[in-house]
Structures are given as C-alpha cells and as structure tokens.
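# Chain and residue survey
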Amino acid sequence: MDILIPKKKWSFVARWWWLGALVLAGTGAAGIYWPRPGQGRHVAASRLTISPVTRGNFQEFTAIDGVVQPLRTVYLDAAEAGTVQQVLVEEGATLTAGQPLLQLANPDLQLEMVNRETAVYDLMNNLRNTRTQLLQNRILRQNQLADIDFQLAEARRVFDTNQVLYDLKAIARQEYLQSQNAYRYQLRRRQLTRQALRQDSVAMQQQLGTMQESVRRMTSNLALMRRKMDDLLLRAPVGGQLSSLAAEVGEVKTRGQRLGQIDALAGVKLHAAVDEFYIARIAAGQVGEVVVEGQAYALRVTKIFAQVAKGVQIDLAFTGTAPPGLRRGQTLPIRLALSAKAPAVLLPKGGFYQQTVGNWAFKLAADGTRAQRVAIRLGRQNPDYYEVLAGLQPGDQVVTSSYEGYADQQELVLDNGRP
C-alpha cells in the first residue's frame with residue numbers, strides 16, 4: 001500500500017533567511033547596473049562631434065543646385081520645308097549674325113517661283129501694251145478734235161461771210177441758213193469730241209491704275225516668294241555659339257521643325273528647382289550666392305516659371321561679374337536666401353536633433369571631461385546652423401553628433417584617448 005508522506009514546512013527563521021538573501025542579491029545587481037550619484041555613461045571623446053556655440057548673423061536659406069545656361073538662347077526652326085542639301089557649319093562653332101548654316105532644296109517651291117515670275121512678266125507686258133493702245137487712242141481722238149476744229153473754223157468763216165452778204169441782200173436766205181446750220185453742227189461736234197476725249201482720259205487713267213495695282217500686288221507676292229526661297233538657306237539670326245544642329249544631308253525637314261539653337265555669348269544664368277515646401281517664399285528679385293573656388297558671387301532671381309514640375313523652376317542671374325570659365329550644363333551649388341540676415345546665437349547642425357527634436361542637448365563642463373544634459377530651445381534653422389533661443393550661450397561647447405544610445409543618460413563622461 002502507498003504510504004502518505006507529510007509535506008515539510010519551512011520554519012519562520014528559514015523563511016526570513018532566504019528573503020534577506022534575495023534582497024542582498026537585488027541590491028548588488030542594482031549596484032552593478034545603476035550608476036551611483038555623480039557617475040555617467042563613459043564615452044570615447046573621439047566618437048563625438050563637439051561644436052561651439054557662437055554669435056553671428058543668422059539667415060534662412062535653402063541649398064539648391066543650379067545648372068549653367070546661356071543668358072539668351074535663340075532657336076533655329078525651318079521656315080520652309082525642304083531636303084537638306086548642304087550643312088555648312090558644325091556643332092560648337094562660333095557664329096556671326098547672318099552666317100549661312102544650312103541649305104535646303106524644295107523643287108515645288110522653285111516651280112511656284114518660276115510660275116509667279118512668268119505671271120508678273122505677262123501682266124507687265126499687258127500693262128505696257130494697254131498703255132500703248134490707250135495712248136494711240138488718245139492721239140486719234142486729238143487728231144479728230146484737230147480736224148473738227150479746222151472744219152468748225154471753216155464753217156464759221158462761211159457763216160460770218162454769208163451773214164454779211166445776207167444783210168446786204170446779196171445772197172438768198174436759203175444759203176444763209178445752210179451756212180448757219182453747218183456752223184452749229186461743227187460747234188456741237190467739237191463739244192462731243194472734247195467730252196469723249198475727257199472720258200477716254202479718265203477711263204485710261206483708271207484702267208492704267210488698276211493694272212498698275214495688279215502689277216504692284218503681284219510684284220509684292222513675287223518678293224514674298226523670293227524671301228521664301230531665301231529661307232531655304234538657313235542663316236544665323238544672331239552671333240553666338242551653335243550648341244546644337246540636327247540636320248544630315250538628304251534628310252527631309254518640315255516647316256516649323258526645330259533644327260538647332262544658338263547660345264548668345266553675352267552672359268550666363270543659372271536654372272534651378274526649389275522644393276515645393278518653399279513655394280510661398282520664392283519671389284522675383286530674391287537674392288542668393290554661389291561660391292566658386294572660394295569666391296562668392298551674388299545672384300538674383302529673375303524669373304519664376306508658372307508651372308510647378310519637380311519643384312519650383314527659377315532662373316537666377318549674376319548681379320555682378322560671373323565666375324570665369326563657366327560652361328553650359330555645369331552644375332553649381334546655390335545658397336538661396338529666404339530671409340534677411342539678423343544677429344543670433346548659432347549652434348551648428350548635427351545628428352543630435354534626431355533624438356532631442358531641439359529640446360535638450362549635452363553641454364560640456366568647463367573642464368571638458370563631462371557633458372551635462374541641459375534643456376534648450378531652438379528656433380529657425382538653415383542647412384548649417386540652428387538659431388538658439390534659450391539654454392545656451394556663446395562660448396558653450398555642445399555635443400552635436402548623434403545621441404543614439406545616450407538618449408536616456410543625464411551625463412556623459414568623456415574618456416580622452418579611449419577607443
């Protein structure tokens with residue numbers, strides 16, 4: 001049979017003995033893992049970045065990249081369609097205004113030119129013939145008028161003589177009236193002939209004027225056609241550098257097709273894209289600067305493009321002299337000012353901000369062996385500095401490197417020479 005074995009019970013003294021042992025063990029562990037008052041986390045000084053707090057002029061700015069572009073670019077488009085017959089220059093050549101670049105051929109345009117020239121010459125010949133004919137008609141009318149004047153003078157002489165004889169009863173009344181009617185007939189005939197001559201003169205002038213206007217219009221159209229023929233020879237509209245020319249012999253070009261571009265040598269500008277976050281703070285006339293080989297050059301925003309694509313697109317021009325030796329497509333770092341310069345306490349930027357969000361920082365003690373956690377308040381910032389509003393003074397030394405692993409510490413102990 002199974003035998004019931006009674007459970008042993010701890011005595012009162014044993015229980016207190018084990019409880020005391022546990023308390024001593026916990027106290028020892030706390031002494032190992034909790035720093036005693038006045039102690040902090042030991043950190044090698046070589047692993048930290050220590051920056052001084054200074055006083056200076058603070059200015060908000062954003063760092064952007066600008067691409068060098070010519071101050072003025074002239075595009076070359078085909079004014080008339082045609083086949084590339086001859087390429088007269090190469091890309092990269094320096095051009096003068098009016099220099100031939102490219103010869104196109106267009107047989108249809110040439111045929112139309114010949115037809116228009118023929119039409120103009122035909123019209124001019126017709127005008128010449130019409131003018132000759134009108135002059136001949138005028139001379140004929142004048143001859144008729146001269147003959148009528150002669151006959152009128154003769155009829156008047158007879159009439160005047162017969163009137164005297166009739167008064168003297170020397171001739172019959174019938175003869176007198178006959179001479180009178182002949183005189184009046186010639187007089188009326190001269191009036192009609194002169195009227196016809198005047199009308200012919202007016203009609204001739206109108207007809208000549210109409211034909212001359214037609215010749216003028218056709219001559220103007222012919223001149224326009226000749227200019228179109230001249231457009232088949234592409235010339236440089238301005239002097240500068242031929243940065244591109246897309247044409248090969250035998251290639252067909254349509255009217256309005258882009259053939260190339262000329263960069264004027266008058267100067268350069270910078271084209272840049274600003275983050276959309278600053279869209280409300282970008283305005284024409286805004287200043288900036290670019291540093292080339294240690295020398296700063298002032299810039300000014302000259303144009304803001306309406307379309308926002310990959311940021312706000314802007315053009316900047318040099319307010320003074322531009323850096324020498326700049327080439328198209330070269331990239332330069334630009335500091336675009338977002339505010340005016342103002343005196344402030346400055347703290348260099350660093351990785352500490354990721355853990356503290358600007359609410360506190362480790363400030364070095366006077367002896368440089370410890371860094372105490374202090375509350376601070378930061379204001380504006382730019383790519384180089386934070387603006388210190390409270391908690392730090394010029395001359396303070398601050399740990400600005402990352403606080404990863406130290407965020408729960410109140411003090412850091414700097415071990416110089418420790419790896």
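The rules behind each value
- Residues numbered from 1 in each chain as written.
- Predicted model: local features only at pLDDT ≥ 70, side-chain atom pairs only at ≥ 80, totals over all residues.
- Heavy atoms only, no water.
- UniProt positions renumbered as here; feature names shortened; annotations may be inferred.
- Helix = DSSP H or I, 4+ residues; strand = E, 2+ residues; numbered from the N terminus.
- Buried < 20%, exposed > 50% of the residue type's maximum accessible area, 1.4 Å probe, protein only.
- Contact = heavy atoms within 4.5 Å.
- Areas by Shrake-Rupley, 256 points an atom, 1.4 Å probe, with all protein chains shown as cover.
- Pairing = 2+ DSSP bridges.
- Axes fitted to C-alpha atoms, helices over the stretch in contact; angles between N-to-C directions.

Where an unreviewed UniProt entry is consulted, the protein appears under the name HlyD family efflux transporter periplasmic adaptor subunit, with the organism given as Hymenobacter wooponensis. According to its UniProt record, the protein has this under Subcellular location (unreviewed entry): "Cell envelope".

### Points about the overall build of the protein
When helices and strands are counted, the protein shows four helices and 24 strands. Scored against the burial criterion, the 419 residues of the protein give a buried share of 33%. In the protein, the proportion of contacts linking residues at least 24 apart, taken out of those at least 6 apart, comes to 77%. Accessible surface for the protein amounts to roughly 26,600 Å². Of this, 53% is attributable to carbon and sulfur atoms.

### Focus on the sheet that holds strand β17 (residues 331-337)
Strands sit in the order β4-β13-β16-β15-β14-β17 around a closed barrel of six strands; the barrel is antiparallel. The mean inter-strand angle of the sheet, taken between neighbouring strand axes irrespective of direction, is 40 degrees.

### As for the side chain of Glu60
With respect to the element layout, Glu60 can be found in the loop between β3 (54-58) and β4 (61-70). Not counting residues within four places of it along the chain, the set of residues in contact with Glu60 comprises Arg281, Leu336, Ala337, Leu338, Ser339, Arg380, Gln381 and Asn382.

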